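A look at the structure
What follows is each chain in one-letter form.
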Amino acid sequence: MSIVITPFAKARLFPRDGRLNAIQDITPAQFEQHLNAHAPLKVLDGYAPFCKLHVHRNWTSTRCLTIPITNDNRHQLRSAYEARNKSELPVLVRWFEGLEAPVANYLVVILYSREQLEKEGERIDGDWGIVGCLYTAEPDEIPMAPITMMRNALGVEEGGSGVPIDREAYRRSAEFWQRNANWRV
(Lines give C-alpha, C1' and ligand atoms only; values in the text may rest on other atoms or scores of the structure.)
Protein backbone atom coordinates (compact mmCIF):
# COMPACT_ATOMS: atom_id res chain seq x y z
CA MET A 1 0.00 0.00 0.00
CA SER A 2 1.44 3.37 -1.00
CA ILE A 3 0.49 6.73 0.52
CA VAL A 4 1.00 10.12 -1.15
CA ILE A 5 0.23 13.64 -0.01
CA THR A 6 -2.37 15.52 -2.05
CA PRO A 7 -1.85 19.16 -3.04
CA PHE A 8 -4.88 20.07 -0.90
CA ALA A 9 -3.34 18.49 2.22
CA LYS A 10 0.15 19.78 1.46
CA ALA A 11 -1.08 23.39 1.43
CA ARG A 12 -3.05 22.96 4.66
CA LEU A 13 -0.62 20.79 6.67
CA PHE A 14 2.61 22.48 5.50
CA PRO A 15 1.72 26.14 4.88
CA ARG A 16 4.45 28.42 3.59
CA ASP A 17 3.97 30.90 6.45
CA GLY A 18 5.48 28.44 8.98
CA ARG A 19 2.63 28.81 11.46
CA LEU A 20 2.87 26.82 14.67
CA ASN A 21 -0.53 25.11 14.36
CA ALA A 22 0.65 23.06 11.36
CA ILE A 23 2.95 20.03 11.16
CA GLN A 24 6.40 20.93 12.48
CA ASP A 25 10.01 19.79 11.98
CA ILE A 26 9.56 17.90 8.69
CA THR A 27 8.89 18.49 5.01
CA PRO A 28 5.90 17.08 3.12
CA ALA A 29 8.25 14.54 1.47
CA GLN A 30 9.60 13.40 4.87
CA PHE A 31 6.04 13.10 6.19
CA GLU A 32 5.02 10.96 3.22
CA GLN A 33 8.19 8.84 3.54
CA HIS A 34 7.60 8.24 7.27
CA LEU A 35 4.00 7.12 6.69
CA ASN A 36 5.11 4.66 4.02
CA ALA A 37 7.98 3.28 6.16
CA HIS A 38 6.16 2.93 9.51
CA ALA A 39 2.99 0.95 10.15
CA PRO A 40 0.29 2.84 12.03
CA LEU A 41 -0.47 1.96 15.67
CA LYS A 42 -4.03 1.38 14.55
CA VAL A 43 -6.31 2.00 11.59
CA LEU A 44 -9.74 3.55 12.11
CA ASP A 45 -12.65 3.54 9.72
CA GLY A 46 -13.46 7.01 8.48
CA TYR A 47 -16.85 8.59 7.80
CA ALA A 48 -17.24 6.69 4.51
CA PRO A 49 -15.83 3.44 3.01
CA PHE A 50 -13.23 5.38 0.98
CA CYS A 51 -11.80 7.05 4.12
CA LYS A 52 -9.31 5.52 6.59
CA LEU A 53 -7.47 7.08 9.51
CA HIS A 54 -3.95 5.92 10.36
CA VAL A 55 -2.92 6.63 13.95
CA HIS A 56 0.81 7.27 14.46
CA ARG A 57 2.74 8.39 17.54
CA ASN A 58 3.77 11.99 17.00
CA TRP A 59 7.45 12.04 15.98
CA THR A 60 7.47 15.85 15.61
CA SER A 61 6.86 18.87 17.86
CA THR A 62 3.41 19.38 16.30
CA ARG A 63 0.86 20.64 18.82
CA CYS A 64 -2.69 19.43 19.44
CA LEU A 65 -5.26 20.74 16.98
CA THR A 66 -7.80 21.85 19.58
CA ILE A 67 -8.02 23.45 23.01
CA PRO A 68 -10.98 23.00 25.40
CA ILE A 69 -13.07 26.15 25.87
CA THR A 70 -13.19 27.30 29.50
CA ASN A 71 -14.49 30.38 31.29
CA ASP A 72 -10.86 31.49 31.63
CA ASN A 73 -10.09 31.43 27.88
CA ARG A 74 -13.48 32.07 26.25
CA HIS A 75 -12.57 35.76 25.77
CA GLN A 76 -9.74 34.67 23.43
CA LEU A 77 -12.09 33.07 20.87
CA ARG A 78 -12.18 34.78 17.48
CA SER A 79 -14.25 34.12 14.36
CA ALA A 80 -14.33 35.04 10.67
CA TYR A 81 -15.65 33.84 7.34
CA GLU A 82 -12.88 31.99 5.48
CA ALA A 83 -12.50 29.66 2.50
CA ARG A 84 -10.03 26.75 2.49
CA ASN A 85 -8.99 27.65 -1.05
CA LYS A 86 -9.94 30.04 -3.88
CA SER A 87 -12.60 27.76 -5.36
CA GLU A 88 -14.63 27.29 -2.16
CA LEU A 89 -17.14 29.63 -0.56
CA PRO A 90 -16.19 31.16 2.80
CA VAL A 91 -17.74 29.60 5.90
CA LEU A 92 -17.80 30.72 9.53
CA VAL A 93 -14.79 29.44 11.51
CA ARG A 94 -13.57 30.13 15.03
CA TRP A 95 -10.27 29.78 16.82
CA PHE A 96 -8.33 30.81 19.87
CA GLU A 97 -5.86 33.62 19.54
CA GLY A 98 -3.01 34.00 22.01
CA LEU A 99 -3.04 30.40 23.25
CA GLU A 100 -0.85 27.45 22.30
CA ALA A 101 -1.96 23.85 22.64
CA PRO A 102 0.32 21.20 24.17
CA VAL A 103 2.43 18.97 21.92
CA ALA A 104 0.24 16.24 20.43
CA ASN A 105 0.83 12.61 21.37
CA TYR A 106 -0.58 11.32 18.07
CA LEU A 107 -0.92 12.26 14.43
CA VAL A 108 -4.12 10.82 12.97
CA VAL A 109 -3.63 10.86 9.20
CA ILE A 110 -6.81 11.08 7.10
CA LEU A 111 -6.57 9.05 3.89
CA TYR A 112 -8.89 8.82 0.88
CA SER A 113 -8.74 6.01 -1.65
CA ARG A 114 -7.35 6.68 -5.12
CA GLU A 115 -10.80 6.02 -6.58
CA GLN A 116 -12.49 8.65 -4.40
CA LEU A 117 -9.83 11.22 -5.14
CA GLU A 118 -10.35 10.61 -8.87
CA LYS A 119 -14.09 11.27 -8.38
CA GLU A 120 -13.09 14.57 -6.77
CA GLY A 121 -10.83 15.44 -9.72
CA GLU A 122 -7.52 14.61 -8.02
CA ARG A 123 -5.26 11.99 -9.61
CA ILE A 124 -2.60 10.48 -7.36
CA ASP A 125 0.36 8.21 -7.91
CA GLY A 126 -0.46 5.89 -5.02
CA ASP A 127 -3.15 3.75 -3.43
CA TRP A 128 -4.17 6.28 -0.79
CA GLY A 129 -3.95 10.07 -0.65
CA ILE A 130 -3.45 12.15 2.46
CA VAL A 131 -6.27 14.71 2.67
CA GLY A 132 -5.71 15.85 6.25
CA CYS A 133 -4.21 15.12 9.62
CA LEU A 134 -5.49 15.48 13.17
CA TYR A 135 -3.02 16.29 15.94
CA THR A 136 -4.38 14.74 19.13
CA ALA A 137 -3.67 13.90 22.78
CA GLU A 138 -5.47 10.55 22.47
CA PRO A 139 -5.10 7.93 19.68
CA ASP A 140 -8.59 8.71 18.40
CA GLU A 141 -10.34 10.80 15.82
CA ILE A 142 -11.49 14.34 16.57
CA PRO A 143 -15.04 14.73 15.21
CA MET A 144 -15.21 16.31 11.78
CA ALA A 145 -16.40 19.91 12.07
CA PRO A 146 -20.13 20.35 11.36
CA ILE A 147 -19.38 22.69 8.45
CA THR A 148 -17.14 20.04 6.87
CA MET A 149 -20.00 17.53 7.10
CA MET A 150 -22.28 20.05 5.42
CA ARG A 151 -19.72 20.77 2.69
CA ASN A 152 -19.32 17.03 2.08
CA ALA A 153 -23.09 16.66 1.73
CA LEU A 154 -23.17 19.49 -0.84
CA GLY A 155 -20.97 17.43 -3.14
CA VAL A 156 -17.69 17.56 -5.01
CA GLU A 157 -18.57 20.78 -6.83
CA GLU A 158 -18.66 22.60 -3.47
CA GLY A 159 -15.42 21.10 -2.14
CA GLY A 160 -17.01 18.07 -0.48
CA SER A 161 -17.07 14.34 -1.06
CA GLY A 162 -20.76 13.79 -1.81
CA VAL A 163 -21.42 11.81 1.41
CA PRO A 164 -24.79 12.67 3.01
CA ILE A 165 -24.91 13.95 6.58
CA ASP A 166 -25.11 11.32 9.31
CA ARG A 167 -27.39 13.10 11.80
CA GLU A 168 -25.98 11.34 14.88
CA ALA A 169 -22.38 12.00 13.84
CA TYR A 170 -23.37 15.63 13.23
CA ARG A 171 -24.84 15.93 16.73
CA ARG A 172 -21.69 14.41 18.29
CA SER A 173 -19.58 16.81 16.25
CA ALA A 174 -21.61 19.84 17.34
CA GLU A 175 -21.26 18.76 21.01
CA PHE A 176 -17.47 18.42 20.67
CA TRP A 177 -16.99 21.71 18.81
CA GLN A 178 -19.27 23.53 21.28
CA ARG A 179 -16.66 22.66 23.95
CA ASN A 180 -13.43 22.94 21.88
CA ALA A 181 -11.83 25.23 19.31
CA ASN A 182 -8.79 25.32 17.07
CA TRP A 183 -6.02 27.80 17.83
CA ARG A 184 -3.77 30.18 15.92
CA VAL A 185 -0.73 32.16 16.93
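Residues numbered from 1 in each chain as written. Predicted model: local features only at pLDDT ≥ 70, side-chain atom pairs only at ≥ 80, totals over all residues. Heavy atoms only, no water.

**Thoughts on the nonpolar core**
- Core analysis: the largest hydrophobic core is formed by 45 residues, its most contacted members being Leu13, Ile23, Phe31, Ile130, Cys133 and Tyr135.
- Contributions of two or more residues to this core are made by strand 1 (3-5), helix 1 (7-13), helix 2 (28-37), strand 3 (51-57), strand 7 (106-113), strand 8 (128-136), helix 5 (167-179) and strand 9 (180-184).
- In terms of residue count, strand 7 provides more of this core than any other element does, seven residues in total.
- Not counting the four nearest positions on each side in its chain, Cys133 is found in contact with Leu13, Ile23, Phe31, Leu107, Val108, Val109 and Ile110. (Core = buried A, V, L, I, M, F, W, Y, C linked by side-chain atoms within 4.5 Å. Buried < 20%, exposed > 50% of the residue type's maximum accessible area, 1.4 Å probe, protein only. Helix = DSSP H or I, 4+ residues; strand = E, 2+ residues; numbered from the N terminus. Contact = heavy atoms within 4.5 Å.)

**Some thoughts on the packing of aromatic side chains**
- Enumeration according to the criterion identifies six aromatic pairs in this entry.
- Relative to Phe31, the ring of Phe14 has its centre 5.6 Å away and its plane inclined at 65°; by these criteria the two rings are edge-to-face. Taken as a pair, Phe14 in the loop between helix 1 and helix 2 and Phe31 in helix 2 lie far apart in primary sequence, 17 residues in all.
- Ring geometry for Phe176 and Trp177: centres 5.1 Å apart, planes at 80°, overall edge-to-face.
- For Phe176, a relative accessible area of 16% translates into the label buried.
- Judged by relative accessible area, which is 15%, Trp177 ranks as buried.
- Members of the aromatic cluster, joined through ring pairs, are Phe14, Phe31 and Trp59.
- The ring of Trp95 has Arg184 lying over it, and the distance from NZ or CZ to the ring centre is 3.7 Å. (Phe/Tyr/Trp six-rings, centres within 6.5 Å; stacked < 30°, edge-to-face > 60°. Lys NZ or Arg CZ within 6 Å of the ring centre and 35° of its normal.)

**Overview of the sheet that holds strand 6 (residues 91-97)**
- One open sheet accounts for four strands, arranged 4-9-6-5; its pairing is mixed. Every interior strand has two partners, whereas the edge strands, strand 4 (66-68) and strand 5 (77-82), have only one. Pairwise comparison of adjacent strand axes, ignoring direction, gives a mean angle of 50° for this sheet.
- Here three bridges tie strand 6 to strand 9, and the two strands are oriented parallel to one another. Bridge pairing in strand 9 places Phe96 opposite Trp183.
- Packed on one face of the sheet, helix 5 meets strand 4, strand 6 and strand 9 and runs near 55° to strand 9. (Pairing = 2+ DSSP bridges. Axes fitted to C-alpha atoms, helices over the stretch in contact; angles between N-to-C directions.)

**Details of the pattern of salt bridges**
- Within the structure shown, the criterion is met by 11 salt bridges.
- For Asp140, the salt bridge identified is with Lys42, shortest N-O distance 3.3 Å. Separated by 98 residues along the polypeptide, Asp140 in the loop between strand 8 and helix 4 (146-154) and Lys42 in strand 2 (residues 42-45) bring together distant segments of the chain.
- Arg78 is the partner of Glu97 in a salt bridge, and the nearest nitrogen-oxygen pair spans 3.8 Å. A residue pair is termed long-range when its members are at least 10 positions apart, and Glu97 in strand 6 and Arg78 in strand 5 qualify at 19 residues.
- Residue classification places Glu97 among the partly exposed residues on the basis of a relative accessible area of 36%.
- The class of Arg78 is partly exposed, set by a relative accessible area of 34%.
- Salt bridges sharing partners connect three or more residues here, namely Arg84, Glu88 and Arg151. (Salt bridge = Lys/Arg side-chain N within 4 Å of Asp/Glu carboxyl O.)

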